[in-house]
Amino acid sequence: SNGKRRVYFWASTPTSARFKYYSPPLRSKDFKQSVGDFVMSVFVPGSQQALTATSDGDLVVWDEQGITAQMGTRATDRRAT
């Protein structure tokens with residue numbers, strides 16, 4: 001799910017009634033151009049990616065890093081590409 005400036009990746013486990021979420025930290029310098037408000041997010045079937053559409057017609061591609069975690073992140077964190 002997403003808000004205007006944040007994306008939330010939700011997960012549940014069979015042993016808990018609670019959902020967990022991760023919301024990747026983003027800064028405007030993470031992008032090569034200005035990015036409009038986030039309006040819709042979807043997962044890409046059969047992949048480890050998600051897409052977020054913006055109000056100005058761009059798509060943000062979220063990809064599971066799958067590499068050794070950097071300081072302050074986990075290998076399962078997603079990043080905007």
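Nothing here was measured: the structure is a model prediction, and the numbers come from that model.

An account of the packing of aromatic side chains is needed here, citing residue identities and associated values.
Tallying each qualifying case throughout the model produces six aromatic pairs. Between Tyr8 and Tyr21, the ring centres sit 5.7 Å apart and the planes meet at 65°, which makes this aromatic pair edge-to-face. Separated by 13 residues along the polypeptide, Tyr8 in the segment before strand E1 (9–12) and Tyr21 in strand E2 (residues 19–22) bring together distant segments of the chain. Judged by centre distance (6.4 Å) and plane angle (85°), the ring pair of Phe38 and Trp62 falls under edge-to-face. Highlighted residues: Phe38 in strand E3 (residues 38–43) and Trp62 in strand E5 (residues 59–64), separated in sequence by 24 residues. Exposure remark for Trp62: the relative accessible area of 0% places this residue in the buried category. Members of the aromatic cluster, connected to one another through ring pairs, are Phe9, Phe38, Phe43 and Trp62. The ring of Phe38 has Arg5 sitting right over it, with the charged end atom 5.8 Å from the ring centre.

Cut-offs and rules
Residues numbered from 1 in each chain as written. Predicted model: local features only at pLDDT ≥ 70, side-chain atom pairs only at ≥ 80, totals over all residues. Heavy atoms only, no water. Phe/Tyr/Trp six-rings, centres within 6.5 Å; stacked < 30°, edge-to-face > 60°. Helix = DSSP H or I, 4+ residues; strand = E, 2+ residues; numbered from the N terminus. Buried < 20%, exposed > 50% of the residue type's maximum accessible area, 1.4 Å probe, protein only. Lys NZ or Arg CZ within 6 Å of the ring centre and 35° of its normal.

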